[in-house]
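One-letter residues, chain by chain:
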Amino acid sequence: MSSSSPSESGGDLTERRGIPAAKFIQDVETYLSQSGLDSNSALAFHQERLQQYKVVDMKLLAQQRDLQAKIPDIEKCLEVVATLQARKGTGESLLADFEVSEGIYSRACIEDTDSVCLWLGANVMLEYSCEEATALLKNNLENAKASLEVLVGDLQFLRDQVTVTQVTIARIYNWDVHQRRVKQVAPTAITAGDS
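- Under an unreviewed UniProt entry, the name given to the chain is Prefoldin subunit 3, and the organism recorded is Microthlaspi erraticum.
- As recorded by UniProt, the Function (unreviewed entry) comment attached to the chain reads in full: "Binds specifically to cytosolic chaperonin (c-CPN) and transfers target proteins to it. Binds to nascent polypeptide chain and promotes folding in an environment in which there are many competing pathways for nonnative proteins."
- Check the Sequence similarities (unreviewed entry) section of the UniProt entry for the chain; it says "Belongs to the prefoldin subunit alpha family."

See below:
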């Protein structure tokens, strides 16, 4: 989001993680004169900013969905590793169904094991001891939850900026309509006064 108007390059503009804050316009006439924009240019600027906010919103929502899907997967992995550790040394084998490919499952009989293999992504799998796997998964779970919390804050901030921008667009539009009506009435009043 790189476009900015002359009045928004001032010191009171804040942002959150690269998302610029929308400035509430109290007095449209003052805003337009200070920014050097006419109403059409100001409307175009704020409508462009609104579209930028909507694009960022879609990206953040996609990231939120990914994290919300990732957290239960990590929790399930932690449960499996804990189950393997609990059964270690008991002599009991564990029957498990696992996904070989999308929609294709196979059954396995898992004997005592000291290690597990974890998918790291990008078609990479590494073998870890159960303790290392537990530590890694707990760390990944904490990071995912923290990222989700930050993302929720970003989305709330973004929604606030969308609302402020929509109100600003409405205020500029209404001000412009009012100014046009005043200009239409003024010549009519002068003509009526002359006769």
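Let's pick the thread back up.
## Considerations on the nonpolar core
Phase 1 of the analysis: Ile19, Tyr31, Leu60 and Val116 are the most contacted members of the largest nonpolar core, which totals 37 residues.
Phase 2 of the analysis: Among the elements of the structure, helix H1 (28-35), helix H2 (39-87), strand S5 (115-121) and helix H3 (130-194) are those that each provide at least two residues to this core.
Phase 3 of the analysis: Apart from residues no more than four positions distant in its own chain, Val116 is found in contact with Val81, Leu84, Leu126, Glu127, Tyr128, Cys130 and Ala133.

## Some details on the side chain of Thr134
Phase 1 of the analysis: With respect to the secondary-structure elements, Thr134 resides in helix H3.
Phase 2 of the analysis: Judged by relative accessible area, which is 15%, Thr134 ranks as buried.
Phase 3 of the analysis: One polar contact links the side chain of Thr134 to the main-chain carbonyl oxygen of Cys130, over a distance of 2.8 Å.
Phase 4 of the analysis: Leave out the neighbours within four places in its chain, and Thr134 touches Leu78, Val81 and Gln85.

## Some remarks on a nonpolar patch on the surface
Phase 1 of the analysis: A contiguous nonpolar patch, built from Phe98, Val100 and Ile104 and spanning about 290 Å² of accessible area, is present on the exposed surface.
Phase 2 of the analysis: In this fold, Phe98 is placed in strand S3 (residues 94-101).

## Remarks on H2
Phase 1 of the analysis: The terminal C-alpha atoms of H2, which comprises 49 residues, lie 72 Å apart, in line with the 72 Å expected from a rise of 1.5 Å per residue.
Phase 2 of the analysis: With its phi angle positive at about 85°, Gly89 sits one or two positions after the end of H2.

## A closer look at H1
Phase 1 of the analysis: Where H1 is concerned, the buried positions are Val28, Tyr31, Leu32 and Ser35. With its buried residues spanning 95° around the axis, H1 presents them on a single face. In H1, the exposed positions that point more than 90 degrees away from the buried face belong to Ser33 and Gln34.
Phase 2 of the analysis: In this structure Asp27 caps H1, since a side-chain oxygen of it lies 3.3 Å from the backbone nitrogen of Glu29.
Phase 3 of the analysis: Positive phi appears at Gly36, one or two residues downstream of H1, with a value of about 75°.

Each value, and the rule that gives it
- Residues numbered from 1 in each chain as written.
- Predicted model: local features only at pLDDT ≥ 70, side-chain atom pairs only at ≥ 80, totals over all residues.
- Heavy atoms only, no water.
- UniProt positions renumbered as here; feature names shortened; annotations may be inferred.
- Core = buried A, V, L, I, M, F, W, Y, C linked by side-chain atoms within 4.5 Å.
- Buried < 20%, exposed > 50% of the residue type's maximum accessible area, 1.4 Å probe, protein only.
- Helix = DSSP H or I, 4+ residues; strand = E, 2+ residues; numbered from the N terminus.
- Contact = heavy atoms within 4.5 Å.
- Polar contact = N/O pair within 3.5 Å; in protein donor to acceptor, adjacent residues only side chain to side chain.
- Patch = residues over 30% accessible without salt bridge, like charges linked within 9 Å, V, L, I, M, F, W, Y side chains within 5 Å.
- Areas by Shrake-Rupley, 256 points an atom, 1.4 Å probe, with all protein chains shown as cover.
- Salt bridge = Lys/Arg side-chain N within 4 Å of Asp/Glu carboxyl O.
- Expected span 1.5 Å × (residues − 1).
- Arc of directions from axis to C-beta.

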